[in-house]
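Coordinates in review
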Amino acid sequence: MSEIATVLKDGLIEDGEEEAYRYMADVAELSNTEAEYFGLDMEQYRAATGEDADSPTAPSITGSDYSPAHPWDAPGMSASDFI
């Protein structure tokens, strides 16, 4: 499995290094230990994982954020409470 994963990682990097690092950080969600195991440039990998910290995500129920955008999703609340 390690061999297959390494070949896939190398293929991603060949297609576009920056996009590959973003994919591995955002989709594969590699830990630092896993990234080191695959021989990734850790400085570049940390930069790819840190870019999202500067841009906050939109409020959503999946993040347990019952913001004004979707208050009816809060536990015990419904749309009829706001009509």
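Overview of the structure. Position numbers for residues count from 1 along each chain, tracking the sequence in the order it is written. In view of the model being predicted, local features appear only for residues whose pLDDT reaches at least 70, and side-chain atom pairs are presented and counted only at 80 or more, with totals across whole chains, interfaces and linings using the full set of residues. Side-chain measures were taken over the full set of non-hydrogen atoms in the model, leaving aside hydrogen atoms and water.

Side note on the pattern of salt bridges
A pairing counts as a salt bridge when a side-chain nitrogen of Lys or Arg comes within 4 Å of a carboxyl oxygen of Asp or Glu. Evaluated as defined, the whole model comprises two salt bridges. In this structure, the salt-bridge partner of D26 is R22, at a minimum N-O distance of 3.0 Å. A residue pair is termed a helical-turn pair when its members lie 3 or 4 positions apart in one helix, as D26 and R22 do in helix 2 (residues 17-26) at four residues. Numbering of helices and strands runs from the N terminus, with a helix taken as a DSSP run of H or I at least four residues long and a strand as a DSSP run of E at least two residues long.

Some points on the side chain of K9
Tracing the backbone shows K9 in helix 1 (residues 2-15). Counted as a polar contact is a pair of N or O atoms within 3.5 Å, where, for protein atoms, one must be capable of donating a hydrogen and the other of accepting one, and residues adjacent in sequence contribute only when both atoms are in side chains. At 2.7 Å, the side chain of K9 forms a polar contact with the side chain of D10.

Remarks on helix 2
A simple rule labels every residue: compare its accessible area, found with a 1.4 Å probe on the protein chains alone, to the largest value its type can have, and call it buried under 20%, exposed over 50%, or partly exposed in between. When helix 2 is considered as a whole, its buried residues turn out to be A20, Y21, R22, M24 and A25. Taken together, the buried residues of helix 2 touch helix 1 and helix 4 (42-50). Residue contacts are defined here by distance: any two heavy atoms, one from each residue, within 4.5 Å place the two residues in contact.

A word on the packing of helix 1 against helix 2
Axis lines are fitted through C-alpha atoms, for helices just across the contact stretch, and the angle between N-to-C directions can take any value from 0 to 180 degrees. As a packed pair, helix 1 and helix 2 sit with axes 5 Å apart at the nearest point and diverge in direction by 135°. Considered as vectors, helix 1 and helix 2 are oriented oblique to each other. Between helix 1, through K9, L12 and I13, and helix 2, the contact on the second element is made entirely by E17, A20, Y21, Y23 and M24. In this classification, Asp, Glu, Lys and Arg are treated as charged, Ala, Val, Leu, Ile, Met, Phe, Trp, Tyr, Cys and Pro as nonpolar, and every other residue, Gly included, as polar. For the contact of helix 1 with helix 2, a count of residues per class yields six nonpolar, no polar and two charged. Here is the rule for angles: anything less than 35 degrees is roughly parallel, anything more than 145 is roughly antiparallel, 65 through 115 is roughly perpendicular, and the remaining ranges are oblique.

Side note on the packing of aromatic side chains
Note on ring pairs: Phe, Tyr and Trp rings are taken, using the six-membered ring of Trp, and paired if centres are within 6.5 Å. Classes follow the plane angle, with under 30 degrees stacked, over 60 edge-to-face and the rest tilted. In this structure the tally under the stated criterion is one aromatic pair. Pairing Y37 with F38 gives two aromatic rings, centres 5.3 Å apart and planes at 80°, and the pair type is edge-to-face.

Comments concerning a nonpolar patch on the surface
Surface patches are drawn from residues lacking salt bridges whose relative accessible area is over 30%; two like charges belong together within 9 Å, two nonpolar side chains (Val, Leu, Ile, Met, Phe, Trp, Tyr) within 5 Å. For accessible areas, the Shrake-Rupley method is used with a probe of radius 1.4 Å. Any residue's cover is judged against the shown protein chains and nothing else. Taken together, the side chains of M1, I4 and L8 make up a nonpolar region of the molecular surface, amounting to roughly 400 Å² of accessible area. Position of L8 relative to the elements: it lies in helix 1.

A word on the nonpolar core
The nonpolar side chains of soluble globular proteins are, as a tendency, buried together. Think of a nonpolar core as a cluster: buried Ala, Val, Leu, Ile, Met, Phe, Trp, Tyr and Cys residues, connected wherever their side-chain atoms sit within 4.5 Å. A20, Y21, M24, A25, L30, A35, F38, L40, M42, Y45 and A48 together form the largest nonpolar core, which totals eleven residues. Elements represented by at least two residues in this core include exactly helix 2 and helix 4. For L40, the residues in contact, after removing those within four places along its chain, are K9, I13, Y21, M24, L30, A35 and Y45.

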